[in-house]
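Here is how the chains run, residue by residue.
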Amino acid sequence: MEPTCRKEKEKPKPKETPNRGERAKHKSAQHELKQRQRAEIYALNKVMTDLEQQQFEAFCKQMQTPTE
């Protein structure tokens, strides 16, 4: 007697894990992205602070001049 339709064991597919070099590259790219974003945020914050200061000074001058 022959065994009826034996199910062949499937080999589990190897998980696609990045090697050390790829992981290090990815981590480095993420770090550079964060640094760039932080620098952009600081630059924008400085621009906004300068603008706010200019507007405040203009307001103070306007309030000091006597209006007739």
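The name given to the protein chain in an unreviewed UniProt entry is Small vasohibin-binding protein, and the organism recorded there is Scleropages formosus. What the UniProt record of the protein chain gives under Sequence similarities (unreviewed entry) is the line "Belongs to the SVBP family."

If you tally the helices and strands in the protein chain, you get one helix and zero strands. For the protein chain, the residues scored as buried account for 0% of the 68 residues in total. As presented, the protein chain carries roughly 8000 Å² of accessible surface, and 55% of it is formed by carbon and sulfur atoms.

Thresholds applied
Residues numbered from 1 in each chain as written. Predicted model: local features only at pLDDT ≥ 70, side-chain atom pairs only at ≥ 80, totals over all residues. Heavy atoms only, no water. UniProt positions renumbered as here; feature names shortened; annotations may be inferred. Helix = DSSP H or I, 4+ residues; strand = E, 2+ residues; numbered from the N terminus. Buried < 20%, exposed > 50% of the residue type's maximum accessible area, 1.4 Å probe, protein only. Areas by Shrake-Rupley, 256 points an atom, 1.4 Å probe, with all protein chains shown as cover.

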